[in-house]
Amino acid sequence: LKSLAGIKMMITSAVALKCRLTERIRTWDMPLRTDMRMDVFYYSSVLDLAARANLVKCKKISFLTYTEGTLKSKLVTFSLRSGLFFVDEWEDRIYAYARDLPGSFNVPAFYGRGYWISLSGNWKFARWGRVYVKGSLMQYPFMEKKKPGRAELKLMLKLKI
């Protein structure tokens with residue numbers, strides 16, 4: 001059984017608040033899993049900002065937070081996201097959608113103790129072409145046992161014929 005309660009409200013014409021509480025109940029293994037999340041958004045014609053705080057309680061308590069800024073124009077768009085996570089048990093992992101290249105879908109499971117930073121963007125260099133880029137770095141400096149980080153770089157060229 002899974003329950004979901006949520007609220008989304010516009011605080012001003014440019015600021016939105018979204019809160020969500022989910023509870024999973026089952027009859028085996030870990031019977032309860034509580035997920036609390038709060039997002040704050042700021043929207044404008046040139047700049048979008050977002051911040052999230054996420055707590056999960058299943059085996060232990062885990063935490064994830066991030067902030068993201070997106071600069072937009074007709075020719076160029078860039079998004080920068082950075083965050084921290086403290087997730088000691090796999091059962092307490094937290095999922096957070098991550099921007100990726102067009103046609104890709106990326107929802108990583110955050111586990112361990114670390115931080116990440118990612119930059120994605122695109123540049124429309126002509127009516128018939130656009131370049132997309134995504135780079136990210138994840139590190140785990142807060143782990144008791146060393147865990148290797150990872151880096152990623154993706155490029156895509158899109159041409160209209």
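Residues numbered from 1 in each chain as written. Predicted model: local features only at pLDDT ≥ 70, side-chain atom pairs only at ≥ 80, totals over all residues. Heavy atoms only, no water.

*Asks:* Just checking my understanding: could you explain a nonpolar patch on the surface for this structure?
*Replies:* A contiguous nonpolar surface patch, about 840 Å² in accessible area, is contributed by Leu-75, Trp-123, Phe-125, Trp-128, Leu-157, Leu-159 and Ile-161. For the nonpolar patch, the secondary-structure elements that each account for two or more residues are β9 (112–126) and β11 (150–159). Tracing the backbone shows Trp-123 in strand β9. (Patch = residues over 30% accessible without salt bridge, like charges linked within 9 Å, V, L, I, M, F, W, Y side chains within 5 Å. Areas by Shrake-Rupley, 256 points an atom, 1.4 Å probe, with all protein chains shown as cover. Salt bridge = Lys/Arg side-chain N within 4 Å of Asp/Glu carboxyl O. Helix = DSSP H or I, 4+ residues; strand = E, 2+ residues; numbered from the N terminus.)

*Asks:* What is the right way to look at the environment of Pro-102 in this model?
*Replies:* Assignment of secondary structure puts Pro-102 in the loop between β7 (94–95) and β8 (109–110). For Pro-102, a relative accessible area of 36% corresponds to the partly exposed category. Separated by 30 residues in the primary sequence, Pro-102 and Tyr-132 place their C-alpha atoms 8.2 Å from one another. Aside from chain neighbours lying at most four places away, what touches Pro-102 is Tyr-132 and Met-156. (Buried < 20%, exposed > 50% of the residue type's maximum accessible area, 1.4 Å probe, protein only. Contact = heavy atoms within 4.5 Å.)

*Asks:* What am I meant to see in unusual backbone geometry here?
*Replies:* For residues that are not glycine, phi is negative in most cases, and the peptide bond is trans in most cases. Phi is positive for Asp-29, close to 50 degrees, though the residue is something other than glycine. Examined against the element boundaries, Asp-29 turns out to sit in the loop between β2 (15–25) and β3 (32–42). The class for Asp-29 is exposed, based on a relative accessible area of 58%.

*Asks:* Please clarify how the pattern of salt bridges should be interpreted in this entry.
*Replies:* In the structure shown here, the tally under the stated rule is 12 salt bridges. Across the salt bridge formed by Lys-134 and Glu-152, the nearest N and O atoms sit 3.3 Å from each other. Of this pair, Lys-134 sits in strand β10 (residues 129–139) while Glu-152 sits in strand β11, placing them 18 residues apart in sequence. Where salt bridges share partners, they join Arg-37, Asp-39 and Arg-52 into one cluster.

*Asks:* Quick question: what am I supposed to make of the sheet that holds β9 here?
*Replies:* Working definition: the strands of a sheet are paired by backbone hydrogen bonds and lie parallel or antiparallel to each other. Pairing within the open sheet is antiparallel, and its nine strands lie in the order β1-β2-β3-β4-β5-β6-β9-β10-β11. Among the strands making up the open sheet, the edge pair consists of β1 (2–10) and β11. Between one strand axis and the next, the sheet turns through 10 degrees on average, direction left out of account. Two strands pair when backbone bridges link them, and β3 and strand β4 (residues 47–57) are joined in this way by nine bridges, in the antiparallel orientation. For Met-36, the partnering residue across the bridge sits in β4 and is Leu-55. (Pairing = 2+ DSSP bridges. Axes fitted to C-alpha atoms, helices over the stretch in contact; angles between N-to-C directions.)

*Asks:* Could you clarify how one ought to interpret the side chain of Thr-34 in this entry?
*Replies:* Assignment of secondary structure puts Thr-34 in strand β3. A distance of 2.4 Å separates polar atoms of two side chains, one belonging to Thr-34 and the other to Glu-23. (Polar contact = N/O pair within 3.5 Å; in protein donor to acceptor, adjacent residues only side chain to side chain.)

*Asks:* It is not clear to me how the packing of aromatic side chains should be interpreted in this structure. Could you clarify?
*Replies:* Think of a pair of aromatic rings as described by two things: how far the centres are apart, and how the planes are tilted against each other in angle. Under the definition given, this model contains 11 aromatic pairs. Between Phe-85 and Trp-116, the ring centres sit 6.1 Å apart and the planes meet at 45 degrees, which makes this aromatic pair tilted. With Phe-85 in strand β6 (residues 76–87) and Trp-116 in strand β9, this pair connects stretches of sequence that are 31 residues apart. Since its relative accessible area comes to 0%, Phe-85 is described here as buried. (Phe/Tyr/Trp six-rings, centres within 6.5 Å; stacked < 30°, edge-to-face > 60°.)

*Asks:* So what exactly am I meant to see when it comes to the nonpolar core here?
*Replies:* Soluble, globular proteins show a tendency: their nonpolar side chains are buried together. Of all hydrophobic cores here, the largest spans 11 residues; its members are Val-56, Leu-64, Tyr-66, Phe-85, Val-87, Ile-94, Ala-96, Phe-110, Trp-116, Met-138 and Tyr-140. Put simply, the parts of the chain that give this core at least two residues each are β5 (61–72) and β6. If we skip the residues at most four places from it in the chain, Ile-94 touches Asn-54, Val-56, Ser-62, Phe-63, Leu-64, Val-87, Pro-108, Ala-109 and Phe-110. (Core = buried A, V, L, I, M, F, W, Y, C linked by side-chain atoms within 4.5 Å.)

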